[in-house]
Structure formats: structure tokens, C-alpha cells
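Now for the letters of each chain:
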Amino acid sequence: MSVILTILAAIIASGACAYHRTSLRTWAIATAVTTLVVGLVARAPITTVVLLVILGLVAVPLLLVDFRRARISAPLLKMFAKVTPKLSATEQTALEAGTVGFEGELFSGKPEWSQLLRQPKPELSVEEQAFMDGPVEELCAMIDDWQITHELADLPPNVWDFIKKNKFFGMIIPKRYGGLEFSALAHSAVLQKLSSMSATLSSTVAVPNSLGPAELLLHYGSDEQKDHFLPRLADGRDIPCFALTGPQAGSDATSIPDFGIVTKGMHEGKETLGIRLTFDKRYITLAPIATVVGLAFRMYDPEHLLGEKEDLGITLALLPRETPGLEIGRRHFPLNIPFQNGPIHGKDVFVPLSTLIGGPHMAGQGWRMLVECLSVGRAISLPSNATGGSRMAVAATGAYARMRKQFGLAIARFEGVEEALARIGGYTYATAALSRATAAAVDRGEKPAVPSAIAKYHATEFSRAVASDAMDVHGGKGVILGPKNYAGRAWQGVPIAITVEGANIMTRSLMIFGQGAIRCHPYVLKEMQALTIEDKREQLRVFDRVLFGHIGFGFSNAVRSFVLGLTFASIGEGAGDAYTRRYYRKLNRYSAALALCADVAMGVLGGKLKFKEKLSARLGDVLSYLYIASAMLKQYEDNGRPESDRPMLAWAFHECVWRMQMALDGTIRNFPVRPVAWLLRALVFPFGRREVPPSDRLGRRVAALITAPSEARSRLLNWTYLTPGANNTVGRMNALLPDVIAAEPVERKFIKAMKGGQLHSHDYDGQLAEAERIGAINSAERELLKRVREGVNEFIAVDDFDPSELRSAVTRADRKPTAVKAA
Ligand SMILES: Cc1cc2nc3c(=O)[nH]c(=O)nc-3n(C[C@H](O)[C@H](O)[C@H](O)COP(=O)(O)OP(=O)(O)OC[C@H]3O[C@@H](n4cnc5c(N)ncnc54)[C@H](O)[C@@H]3O)c2cc1C
């Protein structure tokens, strides 16, 4: 017994030090002292001596720094240099392009929650709020999405004018160039509101404010280029597009075959040094009406007119629409969401060197420029559009499910529908928090490369699920297209968001963990960088420090993961209030588990992990759900911990944690080295998988929340266009919702009278009159039922067409698209 006690004491002391991440010295001393004291008290001298000798054999070589460097780190450095895959120039550029924010803490296994909670609450300025209440409201009021998507296949001219006049295209352009210079949060808020009305509108506005000519000029343009283009882009005199993708190069954008040869040619009647371009681009948003085309191509200088280098690399230029030889104007037709999008071609198009963004010295810097700017736009455009669409789905489906009655009940009361409503509410709550978090990161000056990939993927995937559930709940009402259908187009357009700015499968499989692991890991990038240090002594010194930091980190995560697994994360550091403390602790557990599994995967699989996309995707999922859950907790704190939000927070949080568990389980189940997988399972899931998805009861509370007006529902519908105008059915439905709810008890009295055989009329009005006459309802109640019935009839109605109307639509779609003049 005394032997076991002594061994146990040594293990616990050692584990406690690892759990709390003490220094090596503290660990050695604490373990030695505990062993000695417990050994003496328990009278186990031999065990104590054996344990102290083992401890000495491990600790002393590690604590003798010179010995450790020479005998341990030096050989490991050689091995590490051999097995570490060399980063390609493209990967190196991608890694250097972003910053690391709170996601780094999530990867640490021991997140410092105060860092997250200290971040300022993101808020709109007075000017930004005025823009939301003024021009954004006005613009939404002008939208007739059926006219846009079916009749015109374009925004109407008055909408184009309004967008330009009010500088919707200049949200990211500084005021000194005539732009609005909005915060990322305001930019996001505007897009959310626009997308709640029309995906065509929000896509049109999003693109010039995302990665494209304006953003590139702001960062790399010459003063002359900035002074010329930025004021014109801000007020819409110039419409930009940015052309990278072509038939051969989609996801693998670095492989573009489009090329430009440095040569002399005629420009405006003079012989000029320039580039002869040949390119074939497709899917380019705003291209059909663009007046300036940002073009990515590979630049070559075979005659060495610029210098020694022949293959200069990817380069960016800005071509005016009038450039001779530029073929532009035809349109693609993306899934009935007819924002302007089309191909651009050119063969031997000559442009002067002054068209290069930033001038000739930026030749070959194109990929770096794109990657450096990518994260900012990606953190805002698609997450915001997805959030706006999902918020509108909450407003629409929540109200519709309360109004639409079948089998004598509002369909929201059926458990099957309730399940879908819960997902709609929970995912929207998560999406809103996620897009808010990435916008806030941009406003703090971060370049959130990893969070922007997380937000792009998960916001669009959540919104795909929301759109799908919204369609199911609407039944035939969602399927029949026409002016009365407010759900169908949003559902049709979902794959567009999934595809653009890094198609989702690739974003999940390659980018989130692929970049996150190296970028967010506290040691991996430093170890790789150590390999590039030329001074060998310094290299060894740095490598040794980082390596032993890394080993300690690994042990600590193994212990933390195991201990937090054993205790179901009921101990340890937490934050928040009594309600959310357990949530923070759960995230501590999965942060440690992620850090452990990531380290083991990288250590065991090395460079091969890059090709194990299914493992990489699952580890990326864990990081993503940790990020989303943290964003929700921060949102809850910033909103003053509203009790009424708790069902949505709880639902979305449990969903995230359950998904984290399943992703980790999938990683371990499929880990190719089985003994390692067994060890990981013991450390990560000592009692097996215990997390469960959100309960039916919780789902019922979320469904109830989104089907009746409340403070929490209003918060969820923030930045949604709900003004009940003629163009906004969902706004009108929500305006009627309080009456629909007030009518429910009255309806019960009415139905009771009906079932009791007291009403004999066959029409509703007659029945109402009878019900009043016999005193089943009073006159105000009769009026209420009448008003609600009329409103609901309007909202459940669908469109029908004269066959010739549909024929003309088909003809229009089939006709060869013609060139559209620049707006
Ligand atoms: C409506 C629309 C607007 C667009 N606007 C613009 C624009 O303005 N400017 C511009 O330059 N481009 C634009 N694009 C292009 C867009 O960025 C590309 O469509 C996107 O990069 C994907 O390329 P692809 O369609 O050729 O798909 P592919 O590259 O052929 O990919 C097909 C599938 O394979 C997956 N995949 C590819 N590689 C991997 C990998 N290594 N691991 C796992 N999965 C992988 C992808 O995720 C995808 O699911 C637009 C596209 C659309 C549809």
C-alpha cells in the first residue's frame, strides 16, 4: 500500500506540474520533494529511492542545458531538418500573410479566456448607424427581388444609381478618396441587411468592397493610381472586377496559364514598353459591366527588358474596359441569382507597364498581394451574406410556422417541424456570432487568415442547412417560384457562396487546419523557422529552446486532455458567469485534446498529413467549433449575458461540442498508426464519447423562441430588413405575428363552438358572425380572427402564371446572352 501511495504521489505531483505548465525545474523539484515526503511518511524507502533515481536520470540531462543541446537537441535538429517538408514559395507566402489572434489560444490547449473577454465590444459608430437607418433602409425598400431575378436578370437602373450615388461600392475606401471608410463591422452590417432582401443585391455590393481593385490599390497602388481610381471607384463612376479564375485554374489559382510578355508596342500612338497579354478568364463577378478589370497573369521578360529574371511570376494589372482586344460583356447565369458575372478574354492585348498595380517594381508580387489581402474580404463578405440570409430565414420560417395550420394546429407545434426550427435558430445564432467575431478581428487590425477560412466555410455551410430547413418547413410555398416566394431564390443561391472565395471542400480539407496548425501552433512555425537560421550555434540554441518548449507543451496537453476527460471538464480554469463557466471548461478540454491530436498527427505523419485531407479536415473542424463556440460566448458576454438568449446559446454550444467530439473520434478512429490511435483514445476519451447533441427539450425552447416576438428573437434578427412594405412579405408577416399569437386562444374558443355543433355556416365570415352571436367570441375577437385569417391567406398564397408568361421566361433564359453595356 505504501509503495502504491508513493508512486501515486509522484505521478500526481508530476501530472499537476504538467497540467499547470510549470517550468522543467519546478516540475523536477516538486516531483522530487513530493516523492520524498510521501515516501518517508508512508515508510517506503526503497520505492522512494528508485523513484528519485528515475527522476534524476530524466531530469538532470534535461536541466544541464549544454549537455542537452549537444546530446539531445543537435541530433534531433539533424533529423528534423531531414523529415521536415520544405515549404513551397506559395505556402510560405500564405503563412506569412496573416496574423494570429484568439484562435492561437484555442490551439494552445490552455486558452487564456481573459484575452477574449477583454476585447472591446464591436459597435457601429453614430455615422454608420445613420447609414444603416438611412440609405440601407431606403435601398432595401427599393428592392423587388422577383423583378431582379426573373424579369430583368439584373438590378433595375434606379437601384444601380442609388448604390453608386450613396457610395455602397466605397465602404472600404478612405474618406480622403471620397469613400465611406466604414469599419468592418459596419461593412458586415450593411451586407447582412442587403442580403436579407436580395442575394443579387448583396453579392453586387460585396464584390467591390472585397478583394479586388480597390483593396489592392489601397495597399499597393502608386499615388497616381490611388488618386485616379479610388475616388472613381468610391462613387461608382468606375465599376471594378477582379479576374483570377480561368477554365484551367479554379481552386489551384496559382496555376493560371494566362501570360504577359514584356515587349514594346504602340500605346496612344507612341512606342511604349509594356506587356502583351493573353488570357482566358471565367466566372468573373461584375465583369459584364466593369469599367476597370483587375487581371492576374504570369509575367515573362524573355528579352530582359526589365532585368535579369525571365519568369517574373504572378502579376496584377488594371485594364480599362476600352483596352483594344479586351473581350468583355457576355454573361454567365449563376443559379438564377443574376448578379453580373461573366467571362473575359484577350489575345495579344498590349498594355503599358503603368497598368501594373503599384507599378513595374510590383511585377511578380501578385500572389503575395492577393494572399495578404484575401483574409480581410473573406472574413466579411460571405459570412455576412450568409448571416443576413439566415436571419431572414428565421424571421420568415418562424412566422410562417406559427401561421400555417394543418391538422388543426400551427405547424410549429409538430415535433418534426420543431426540430427544423431549432436548427434554424441555433445555426443562425452561431453564424451571427461567427461573422461578428471575424469582423471584430479585422477592426482590431488583424489579418485573420485562419478565422476567415473558418467563417467562410462554416457560415456558408450553416446557412445551407438553414436554407434547406426553411424550404422544408415552407413546403409547397417554398417550391413555387413567383413574386410571393421569398425563400426559393435564397435556397437556389446557396451553392454560389459554397463555391466562391475558396470552394468549401478545399477550404475545410486543406486550409483551415493546414494553415491553422502551422500558424496557430505555438512552436511548429518557430521550429521550421529555426531551420533557416544560418549561424549554427544560434540555430541550435533556438531549436533547443523551441523543441523543449514543444515537448513540455505536448506532455501538458496529454495530461490536461486526460484529466479534463476523466473529470468531464468539471474542474479547472473557467470564465463567464455561473451559467457559462462549465462551457468554458468544456472548451478547455477540447482545446487540450485538439492540441494533443494535432501534435501527434504532425509528429507521426509529418509531411504526409498534408495529403491526409480527411484527418486534416476533422482536426480543422475541432478548431472551427472551438472558434465558433468562443465567438458565441463573447457575443453573450457583450450583450450583457441576456437570460433570454440562453436556449439558443445552449443549443448551438452543445451542437458545437458534440461535433467537436465526433470530429476527434473520427480522427482517432481513422488514424493510420493503430497503437498511437489507442493511446490517443485513452487520453482523449477515457470514459468514451459522452457528449450528446442538443436535447429535444432544448430544441423546443429554441423553436418557441423564433416563433414568437421577444427580445432574444429581435436580437437574432438584428440587421434584418423587416420594414413591412409592399416589397417585403416577411416584414409584413412579422408585423402580423403578434396578432396571430393573440388570436390563438380565441381560435380555440371558436373551434370549440364549431366542434360543439353551434356554428352552421359554411363560410368563415358566416361562422365568425355566428360565433359572436352565440357569445363564443366578442366583436373585437371576431375582428382579430378576421384580420389574421386575411393576413395568413395572403402569406400562404402562391403565384400562378399564364402559360405564355412562363414561356417568355424560358425563352429569355435560352436566348444567347447578349453583351450588356457598361452601367
Ligand atoms: C458565381 C461565381 C462568382 C465568382 N467570382 C469570381 C471573381 O470575381 N473572380 C475570380 O477570379 N473568380 C471568381 N469565381 C471563381 C471561384 O473562386 C472558383 O469557382 C473557385 O475557386 C473554385 O474553382 P472551380 O469552380 O474551378 O472548382 P474546382 O477547382 O474545379 O474544384 C472542384 C471541387 O474540387 C474541390 N477541390 C479542389 N482542389 C481541392 C483540394 N486540393 N482538396 C480538396 N478539394 C479540392 C473544390 O473544393 C471543389 O469542391 C467565381 C465563381 C463563381 C461560381
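Predicted model only: the values in this text are computed from it and were never measured.

1. Some words on the overall build of the protein
Logical step 1: From N to C terminus, the protein includes 32 helices and nine strands.
Logical step 2: Relative to the globule expectation of 28 Å for 823 residues, the C-alpha radius of gyration of the protein, 31 Å, shows essentially globular dimensions.
Logical step 3: Along the longest, intermediate and shortest principal axes, the C-alpha atoms of the protein span 100 × 90 × 45 Å.
Logical step 4: Here the protein holds 823 residues, and 55% of them are scored as buried.
Logical step 5: Taking all contacts inside the protein whose residues are at least 6 apart in sequence as the whole, residues at least 24 apart take part in 75%.

2. Observations concerning helix 16 (residues 415-443)
Logical step 1: The terminal C-alpha atoms of helix 16 lie 42 Å apart, and with 29 residues this matches the ideal 42 Å at 1.5 Å per residue to within 8%.
Logical step 2: Summarising burial for helix 16: 24 of the 29 residues are buried, a large majority.
Logical step 3: Backbone geometry just after helix 16 places Gly 445 at a positive phi near 90°.

3. Quick word on the packing of aromatic side chains
Logical step 1: Summed over the entire model, instances satisfying the criterion amount to 17 aromatic pairs.
Logical step 2: Seen in terms of ring centroids, Tyr 427 and Phe 462 are 4.9 Å apart; in terms of plane orientation they differ by 15°. Their pairing is stacked. In this pair, Tyr 427 is assigned in helix 16 and Phe 462 in helix 17 (residues 449-474), connecting sequence segments 35 residues apart.
Logical step 3: Pairwise contacts between aromatic rings join Phe 131, Phe 162, Phe 168 and Phe 182 into one cluster.
Logical step 4: We note Arg 582 situated over the ring of Tyr 579; from NZ or CZ to the ring centre the distance is 5.1 Å.

4. Some thoughts on the packing of helix 22 (residues 536-566) against helix 26 (residues 674-684)
Logical step 1: Between helix 22 and helix 26, whose axes approach to 7 Å, the crossing angle comes to 55°. Judged by the inter-axis angle, helix 22 sits oblique to helix 26. Mapping the contact onto sequence places Ala 558, Ser 561 and Phe 562 in helix 22 and Ala 682, Leu 683 and Val 684 in helix 26.
Logical step 2: Per-class residue counts for the contact of helix 22 with helix 26 are five nonpolar, one polar and no charged.

5. What about the site of the ligand?
Logical step 1: Around the ligand sit 20 residues, and of these Phe 242, Thr 245, Ser 251, Tyr 283 and Glu 613 come closest.
Logical step 2: One of the backbone nitrogen or oxygen atoms of Tyr 283 is found 2.8 Å away from a nitrogen atom of the ligand.
Logical step 3: When the ligand sits alone it has 970 Å² of accessible area, and the protein chains cover 69% of it.
Logical step 4: Those elements that provide at least two residues to the shell around the ligand are strand 1 (240-243), strand 3 (270-285), helix 19 (488-499) and helix 20 (504-520).
Logical step 5: Residue composition of the shell around the ligand, grouped by class: twelve nonpolar, six polar and two charged.

6. Some words on the pairing of strand 2 (residues 259-267)
Logical step 1: Bridge analysis of strand 2 against strand 3 gives nine bridges, and the strand direction is antiparallel. From the neighbouring strand, Met 266 faces strand 3, where its bridge partner is Glu 271.
Logical step 2: Hairpin connection from strand 2 to strand 3: two residues lie between these consecutive antiparallel strands, with Glu 268 at a positive phi of about 50°.

7. Some points on the pairing of strand 3
Every regular strand shows the same layout, with side chains that alternate between the two sheet faces.
Logical step 1: Note that strand 3 and strand 7 (residues 341-352) share nine bridges and pair antiparallel. Its bridge partner lying in strand 7, Phe 279 is registered against Gly 346.

8. So, the packing of helix 11 (residues 184-195) against helix 15 (residues 366-403)
Logical step 1: Where helix 11 meets helix 15, the axes come as close as 7 Å, and the angle between the chain directions of the two elements is 45°. The orientation of helix 11 relative to helix 15 falls into the category oblique. The way helix 11 lies across helix 15 gives a crossing that is right-handed. Across the interface between the two elements, Ala 184, His 187, Ser 188, Leu 191, Gln 192 and Ser 195 of helix 11 pack against Ile 380, Ser 381, Ser 384, Asn 385, Thr 387, Gly 388, Gly 389 and Arg 391 of helix 15.

9. Details of the environment of Asp 311
Logical step 1: Residue position: Asp 311 is located in strand 5 (residues 311-320).
Logical step 2: Linking Asp 311 and Arg 276, residues 35 residues apart in sequence, is a C-alpha distance of 14 Å.
Logical step 3: Apart from residues lying up to four places away in sequence, Asp 311 is in contact with Arg 298, Met 299 and Tyr 300.
Logical step 4: A polar contact is formed between the side chain of Asp 311 and the side chain of Arg 298, at a distance of 3.2 Å.
Logical step 5: For Asp 311, the side chain forms a polar contact with the main-chain nitrogen of Gly 313, separated by 3.1 Å.

Analysis parameters
Residues numbered from 1 in each chain as written. Predicted model: local features only at pLDDT ≥ 70, side-chain atom pairs only at ≥ 80, totals over all residues. Heavy atoms only, no water. Helix = DSSP H or I, 4+ residues; strand = E, 2+ residues; numbered from the N terminus. Rg over C-alpha atoms; globule rule 2.2 N^0.38 Å. Buried < 20%, exposed > 50% of the residue type's maximum accessible area, 1.4 Å probe, protein only. Contact = heavy atoms within 4.5 Å. Expected span 1.5 Å × (residues − 1). Phe/Tyr/Trp six-rings, centres within 6.5 Å; stacked < 30°, edge-to-face > 60°. Lys NZ or Arg CZ within 6 Å of the ring centre and 35° of its normal. Axes fitted to C-alpha atoms, helices over the stretch in contact; angles between N-to-C directions. Parallel < 35°, antiparallel > 145°, perpendicular 65-115°, else oblique. Nonpolar A, V, L, I, M, F, W, Y, C, P; charged D, E, K, R; others polar. Near = heavy atom within 4 Å. Polar contact = N/O pair within 3.5 Å; in protein donor to acceptor, adjacent residues only side chain to side chain. Areas by Shrake-Rupley, 256 points an atom, 1.4 Å probe, with all protein chains shown as cover. Pairing = 2+ DSSP bridges. Left-handed = near helix turned anticlockwise from the far one by under 90°.

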